[in-house]
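# Analysis of the macromolecular model
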Amino acid sequence: MSIEMFRLHLINMPLVRPFRTSFGTELVREVLIVEAISSGGTSGWAECAASSWPGYSSEYTAGVIDVMTDHLIPALRETTMAAEPEEVRAALDVIRGHPMAKTAIATSMLDVWLRERGQSMASFLGSTRTEVDCGVSVGIPTTETLSELLDEVGIYVDAGYRRIKLKIEPGWDVEPVAAVRARWPEMPLQVDANQAYTRADAAQLAKLDEFDLLLIEQPLPEEDWLGHRLLAEVCTTPICMDESILSVASAESALEFGSATIINIKPGRVGSYLTARDIHDMCMARNSPVWCGGMLETGVGRAANLALAALPNFTLPGDTSASNRYYAVDITEPFVLQDGRLPVPQGPGIGVEPVPELLADFRIWRRDIAISTGF
Ligand code: NPG
């Protein structure tokens, strides 16, 4: 088996409602879908987590396309690897950084590899569940009103989501959390600041302690390990890291240094589903819970994330919401919430494929990169 070509599909997916975070607002998700095509004609599919602009991290779609074309795919071409997933990871890791681009290339190849073996990604990664508990991430309302927030949260509570995550930023934190907590006293609740605070905000963040939150996610800049630890000393709410976690080493450092007690695992941020699994294993050995983050994925990225979230130490509900929380029409068969859970795909590879007509409908650009990796 050899990969003969990568086909990059750039699509524009309108969100059902704007998604506002402390770093910006998305109305339409620009999504890069990677298709790896083997000599046997099997297509493997992956979704790149990058956004169109470098607001969440330094990666962005146009940069991803460049690094894939100029560096990552050529790095594969130069190797004599046999396409074992570990060898693909090692070949791509010759290039520094660019984890979202690497994850997309590696996952498309892994999907081919698994499909040709008839094995599901869930079983390959070591899943122990056939369905996963789902949470939902609620953006800052564009009107900045509590009524809009409560209306949106109400929709998700009624839909059966098992955990609510509120986006916060300076000026939008204690009041919205208090309002949601007052309306839903029993609902598992957490917040995400996307690095919007500074060490000087510790007292403000500690005011959130009275609302019985599961965690505060990434309150401080990603490189501020000491700041997170100092914050953990003044807050009783557990601190969780997202943007800071790029590897097993950074996750282990976070736990060991006391910067965080809970890790959000996003495969795109760590360069590979194999590394995501390794972080899971390390955290499990330390009795530290993990949960699966989300990047507003279509069904392609969601399927792979659900396979990961089915591993045993994903004990907190993830940002793995149903298709209709994001898109009126998904590019795969939609994922539908059932009793607050989503099923883990069990078919070969990621277990889903884009519907060709829908992929074509949403596509704005396509590029073929022919290669032979020699395996
Ligand atoms: O449900 O996929 C989802 C969204 C979860 O909040 C979420 N993602 O900071 O984690 C994040 C945020 C995000 C989304 C970041 C898109 C960047 C782009």
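Structure shown above.
Residues numbered from 1 in each chain as written. Predicted model: local features only at pLDDT ≥ 70, side-chain atom pairs only at ≥ 80, totals over all residues. Heavy atoms only, no water.

## Points about helix α8 (residues 225-234)
Where we set the bar: Think of it in three bands: residues with accessible area under 20% of the maximum for their type are buried, residues over 50% are exposed, and the middle band is partly exposed, with areas taken using a 1.4 Å probe on protein chains only. We count a stretch as a helix when DSSP gives it H or I for four or more residues in a row; a strand needs E for two or more, and each element gets its number in order from the N terminus. Throughout, the arc means that of the directions going from the helix axis to the C-beta atoms. When checking whether two residues touch, look at their non-hydrogen atoms; a contact exists if any pair is within 4.5 Å.
Those residues of α8 lying buried are G227, H228 and L231. Projected down its long axis, α8 carries its buried residues within an arc of 100°, all on one side. Those residues of α8 that are buried are in contact with α7 (202-206) and β9 (239-241).

## Digging into the sheet that holds strand β5 (residues 135-138)
What counts, and what does not: Two strands make a pair as long as DSSP finds a minimum of two bridges between them.
Strand order in this open sheet of seven strands is β5-β6-β7-β8-β9-β10-β11, and the pairing throughout is parallel. If you trace the sheet from one side to the other, it starts and ends with β5 and β11 (290-292), each paired once. As defined by bridge partners, strand β7 (residues 189-192) adjoins strand β8 (residues 216-217) across two bridges and the pair is classed as parallel. Bridged to D192 within β8 is E217.

## Brief notes about the layout of surface pockets
As a reminder of what qualifies: Here the term cavity refers to a set of points on a 1 Å grid, laid over the protein atoms alone, in which a 1.4 Å probe fits but cannot get out; the term pocket refers to an open set having protein on both sides within 12 Å along at least five of seven lines, with lining residues being those that place an atom within 4 Å of a point. Grid points are joined across faces, edges and corners, and a volume is the space filled by probe spheres set on the points. Each residue gets one of three labels, nonpolar for Ala, Val, Leu, Ile, Met, Phe, Trp, Tyr, Cys and Pro, charged for Asp, Glu, Lys and Arg, and polar for the others, Gly among them.
Taken as a whole, the largest pocket holds about 360 Å³ of empty space. Around the largest pocket sit 20 residues that line it, and G97, H98, P99, L246 and R269 are the ones nearest its centre. Elements that contribute at least two residues to the lining of the largest pocket include exactly α3 (99-117) and α10 (267-270). Per-element accounting of the lining of the largest pocket gives the leading share, three residues, to α3. Looking at the lining of the largest pocket residue by residue, the classes come out as seven nonpolar, six polar and seven charged.

## Side note on the pattern of salt bridges
Proximity of charged atoms lets side chains of opposite charge pair with each other. Keep this limit in mind: What counts as a salt bridge is simple: a side-chain nitrogen of Lys or Arg found within 4 Å of a carboxyl oxygen of Asp or Glu.
Applying the stated criterion across every chain yields a total of 27 salt bridges. Residue R29 pairs with E26 through a salt bridge whose shortest N-O separation is 3.1 Å. E26 carries the same exposure label as R29, and that label is buried. Between K167 and D192 there is a salt bridge, and its shortest N-O distance comes to 2.6 Å. Of the two residues, K167 is situated in strand β6 (residues 163-167) and D192 in strand β7; the sequence distance between them amounts to 25 residues. Three or more residues joined by partner-sharing salt bridges are found here, namely R163, K165, K167, D192, E217 and D319.

## Observations regarding the site of the ligand
Test applied: We call a residue near a molecule or strand as soon as one heavy atom of that residue lies within 4 Å of the molecule or strand. N or O atoms within 3.5 Å of each other form a polar contact, as long as, within protein, one can give a hydrogen and the other can take it, and as long as residues adjacent in sequence are counted only when both atoms are side-chain atoms. Exposure was quantified through the Shrake-Rupley algorithm and a 1.4 Å probe, taking into account, for residues, occlusion by the shown protein chains and nothing else.
Around the ligand, a shell composed of 19 residues is seen, among which S137, N194, K266, L296 and Y326 lie nearest. One nitrogen or oxygen atom from the side chain of S137 is found 2.7 Å from an oxygen atom belonging to the ligand. The separation between an oxygen atom of the ligand and a polar side-chain atom of K266 is 2.7 Å. Burial of the ligand by the protein chains amounts to 100% of its free accessible area of 430 Å².

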